[in-house]
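# Survey of secondary and tertiary structure
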Amino acid sequence: MTDNTKATIAAAPFDDPRADLVLESSDGTLFHVHAIVLSLASPIFADMFNLPQPAAGQPTTHAGVPTVCVAESAHTLGLLLRWCYPIAAPPFAALDDIRLLLETARKYGIDLPAGAIAYALQGMLNRDPLGVFCVAVGHGLAETARVAARATLQHPFVRLDSPQLQYIPVKPYQQLMGYHAAC
């Protein structure tokens, strides 16, 4: 995106005109961020900022601020940045938001507070125990996966379904089927 293109600016706190970096999401939203905050949160971002910058005649900027285009959507990038910044993270509206956050945090090498993620996942057990199991298994949250497996026992196995099934290998699903049958 160039300086003269009309852009969508992210909501606060990612609209700070004092920011020294702009992250542009895959769908064109601009997040005005502070490189030091991202460097402290992520070794991937820290390394990215240490790379040589484009030649002076060809910088990618928005309003004169260096801009980095990322592959994540505005929604996903917003989720991640709210966990990197020293602000209160909003509650999760959907299980898919937790999955997206965990995947993106893994990509950028960001350590999320495991307790907070486990708490958020367990808050979704009543709505989608199989989905919680899938997200937990997919991201190495063994204790949360065990809790979710127990929660699936409240439902007939043939009725268990979740959009999150597409994100785990067959083996954990087979193990869950065996556990369900044994109980």
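For the structure itself, consult the block above.
Just so you know, the residues in each chain are numbered from 1, in the order the chain's sequence is written. Under the rules for a predicted model, residues below a pLDDT of 70 receive no local features and side-chain atom pairs below 80 are neither given nor counted, while totals for whole chains, interfaces and linings still include all residues. Side-chain numbers here rest on the full set of heavy atoms in the structure, without hydrogens or water.

## A word on the overall build of the protein
The line we're drawing: Secondary structure follows DSSP: runs of H or I at least 4 residues long count as helices, runs of E at least 2 residues long count as strands, and numbering of each begins at the N terminus. Note on exposure labels: buried denotes an accessible area under 20% of the residue type's maximum, exposed denotes more than 50%, and partly exposed covers the range between, all computed with a 1.4 Å probe on protein chains only. Here a residue-residue contact requires only that any non-hydrogen atoms of the pair lie within 4.5 Å. Using the Shrake-Rupley algorithm and a 1.4 Å probe, accessible areas are obtained, with residue cover drawn only from the displayed protein chains.
The helix and strand tally for the protein stands at eight helices and five strands. The secondary structure elements of the protein, listed N-terminal to C-terminal, are β-β-β-α-α-β-β-α-α-α-α-α-α. If one aligns the C-alpha atoms of the protein with their principal axes, the spans along those axes are about 65 × 30 × 25 Å. By residue count, 45% of the 183 residues in the protein fall in the buried class. Of the contacts made within the protein by residues no fewer than 6 positions apart, 60% connect residues no fewer than 24 positions apart. Of the accessible surface of the protein, which amounts to about 10000 Å², a share of 58% is contributed by carbon and sulfur atoms.

## Points about the packing of helix α4 (residues 95-107) against helix α5 (residues 114-122)
When two helices pack together, their arrangement is given by the angle between the helix axes and the distance between those axes. We count it as follows: Each axis is a line fitted through C-alpha atoms, taken for helices only over the stretch in contact, and angles between the N-to-C directions span 0 to 180 degrees. Oblique is the label for any angle not covered by the other classes, which are roughly parallel (under 35 degrees), roughly antiparallel (over 145) and roughly perpendicular (65 to 115). What makes a crossing left-handed is the near helix being turned counterclockwise from the far one by less than a right angle; a clockwise turn instead makes it right-handed. Residues are grouped as follows: Ala, Val, Leu, Ile, Met, Phe, Trp, Tyr, Cys and Pro are nonpolar; Asp, Glu, Lys and Arg are charged; all remaining types, including Gly, are polar.
Across the interface, α4 lies against α5 with an axial gap of 10 Å and an inter-helix angle of 155 degrees. Taken together, the axes of α4 and α5 are roughly antiparallel relative to one another. The element α4 and its partner α5 pack so that their crossing is left-handed. In this structure, α4 contributes L95, I98, L101 and L102 to the contact, and α5 contributes I117, A120 and L121. Counted by class, the contact of α4 with α5 contains seven nonpolar, no polar and no charged residues.

## Remarks on the layout of surface pockets
Put simply, the rule reads: The pocket and cavity definitions rest on a 1 Å grid over protein atoms only: a 1.4 Å probe that fits but cannot leave marks a cavity, an open set with protein on both sides within 12 Å along at least five of seven lines marks a pocket, and residues lining either have an atom within 4 Å of a point. Grid points are joined across faces, edges and corners, and a volume is the space filled by probe spheres set on the points.
Here the second largest pocket defines a volume of roughly 160 Å³. Residue lining of the second largest pocket: L102, A105, R106, I110, L112, P113, A114, I117, H139 and L141, and that is the complete set. No other element matches the three residues that α4 contributes to the lining of the second largest pocket.

## Comments concerning the nonpolar core
What counts is decided by this rule: For the purposes of this section, nonpolar cores are sets of buried Ala, Val, Leu, Ile, Met, Phe, Trp, Tyr and Cys residues that join through side-chain atoms within 4.5 Å.
Formed by 47 residues in total, the largest nonpolar core has its most connected members in L23, F31, V33, L38, I98 and I117. Elements represented by at least two residues in this core include exactly β2 (21-24), β3 (29-33), α1 (35-41), α3 (74-84), α4, α5, α6 (129-138) and α7 (142-152). Counting residues per element, this core draws most heavily on α6, at six residues. Ignoring sequence-local partners within four residues, the contact set of V33 consists of F14, A19, D20, L21, L23, L38, L81 and Y85.

## Some details on the environment of I117
For I117, the position within the fold is in helix α5. Taking the C-alpha atoms as reference, I117 lies 9.6 Å from A136; in sequence the two are 19 residues apart. Look past the residues within four positions of I117 in its chain and what remains in contact with it is W83, F92, I98, L101, L102, L112 and L141.

## Considering the sheet that holds β2
Spelled out, the test is: A strand pair is defined by DSSP finding two or more bridges across the two strands.
What the five strands build is an open sheet, ordered β1-β3-β2-β5-β4; its pairing is mixed. Strands at the two margins of the open sheet, each flanked by one partner only, are β1 (8-9) and β4 (61-62). The pairing of β2 with β3 spans four bridges and is antiparallel. Looking across to β3, one finds that L21 is bridged to V33. Relative to β3, α3 is tilted by about 15 degrees, and along the sheet it contacts β2 and β3.

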